[in-house]
Amino acid sequence: MNGTAISNFACVIFNVSFMNCTWHVGRTATEDTQYFLYWGSFKNENVTECQNYITDTHGRHIGCRFQNVTIKDSRPYFLVNGSRSRQSIQSYEDYIKLYKIEKLTPPLNVTVNCTEASRRCSIWWQPPRTSHVENMSCFKYEIVIENKADAEKNPKTASKTTEITENDSYLYESFSSGKRYSVKIRATDAGFCRVSSNWGEWSTPVEFGTQQFTSTSSYMLFLIPSLAAGLTFLLCMTVRAYFKKTSAAVPQPRDPFREPSPMDFQQGEEHQL
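Presented here is an overview of the structure given in this document. Just so it is clear, the model here is predicted, and its values are computed rather than measured. (Residues numbered from 1 in each chain as written. Predicted model: local features only at pLDDT ≥ 70, side-chain atom pairs only at ≥ 80, totals over all residues. Heavy atoms only, no water.)

A look at the overall build of the protein chain
Which entries qualify depends on this criterion: Helix and strand assignments come from DSSP, with helices taken as H or I runs of at least 4 residues and strands as E runs of at least 2, each series counted from the N terminus. Categorising residues by exposure relies on relative accessible area from a 1.4 Å probe, with only protein chains included: less than 20% of the type maximum marks a residue as buried, more than 50% marks it as exposed, and the intermediate range marks it as partly exposed. What sets the accessible areas is the Shrake-Rupley method with a 1.4 Å probe; for residues, cover comes only from the shown protein chains.
Counting its secondary structure elements, the protein chain contains three helices and 16 strands. Out of the 273 residues belonging to the protein chain, those deemed buried represent 33%. For the protein chain, the exposed surface amounts to about 17900 Å²; the carbon and sulfur share of it is 52%.

Now the structure itself:
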């Protein structure tokens with residue numbers, strides 16, 4: 001019986017609600033040994049057997065995959081027992097705080113906005129997704145900014161900027177528009193919440209630099225033609241209104257072929273008198 005129990009039992013939660021548990025077979029376990037994993041909120045109460053085992057080349061269970069796992073404050077109970085022909089197997093049991101074994105997802109929506117004139121880049125992001133954390137201040141972040149040109153020439157000597165912050169934004173103040181950069185971010189517990197103290201997954205690197213920036217000169221190139229077009233339009237409208245007004249004030253010539261009116265006859269008689 002000694003040496004038949006599993007060893008190196010470990011679980012990890014990833015992608016918010018997926019969990020994998022793995023173990024090593026006992027050192028004296030034979031090929032016909034089989035293990036079974038059960039877990040639940042309390043020992044010997046409402047425990048559920050694994051429905052998706054991971055097996056080795058001998059068909060022995062060496063792990064389990066779970067879905068729709070929700071992290072709560074309680075410590076679920078895990079039990080791994082087994083059997084083999086004509087011999088009992090030692091059991092393994094443990095209680096695990098699920099939040100401690102979570103591999104945090106990458107921070108979301110990493111965005112970079114650079115201004116050439118100030119040589120600065122504003123970087124901001126959103127917290128990683130979890131099933132139980134509502135307070136966004138529970139996280140702290142590691143930011144790594146790398147000069148892409150240096151990394152392509154010699155990765156070992158590539159210049160990097162590494163910062164730790166509890167904010168969800170960062171101001172990079174060494175930007176040069178003629179260079180290319182990449183930034184990646186990961187999260188961990190800030191120290192006062194039920195969040196794993198292990199670093200989470202890195203975000204996909206976001207590249208910026210060269211011509212990927214918001215430049216003051218770019219704004220001016222757009223602004224000057226717009227202002228010129230607006231002034232030209234205003235001048236045309238002013239000139240048009242002026243000519244329309246002056247032309248309305250000039251009296252029209254009398255039509256010699258129009259029919260005389262009674263006033264014309266009266267004026268003629270006054271002149272004869």
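Having seen it, we continue.
Examining the side chain of serine 196
Formally: Residue contacts follow a heavy-atom distance rule, with two residues in contact if any of their heavy atoms lie within 4.5 Å.
Inspection of the secondary structure assignment puts serine 196 in the loop between β15 (180-189) and β16 (206-209). We classify serine 196 as buried; its relative accessible area is 0%. For serine 196, the contacting residues outside a window of four places in its chain are Tyr99, Lys100, Glu102, Thr188 and Asp189.

Here we look at the environment of isoleucine 6
Looking at where isoleucine 6 falls in the secondary structure, it is placed in the segment before β1 (7-14). Relative accessible area serves as the criterion here: at 7%, isoleucine 6 is assigned to the buried category. Residues isoleucine 6 and isoleucine 89, spaced 83 residues apart in sequence, show a C-alpha to C-alpha distance of 9.4 Å.

Quick look at the sheet that holds β15
The cut-off we apply is this: Two strands qualify as a pair provided that DSSP identifies no fewer than 2 bridges between them. Angles run from 0 to 180 degrees between N-to-C directions of axes, and those axes are lines fitted to C-alpha atoms, restricted for helices to the stretch in contact.
With respect to topology, four strands assemble into an open sheet ordered β13-β12-β15-β16, the strand pairing being antiparallel. A single partner strand is all that each edge strand has here, and the edge strands are β13 (160-165) and β16. Recorded for the sheet is a direction-independent mean angle of 25° between the axes of neighbouring strands.

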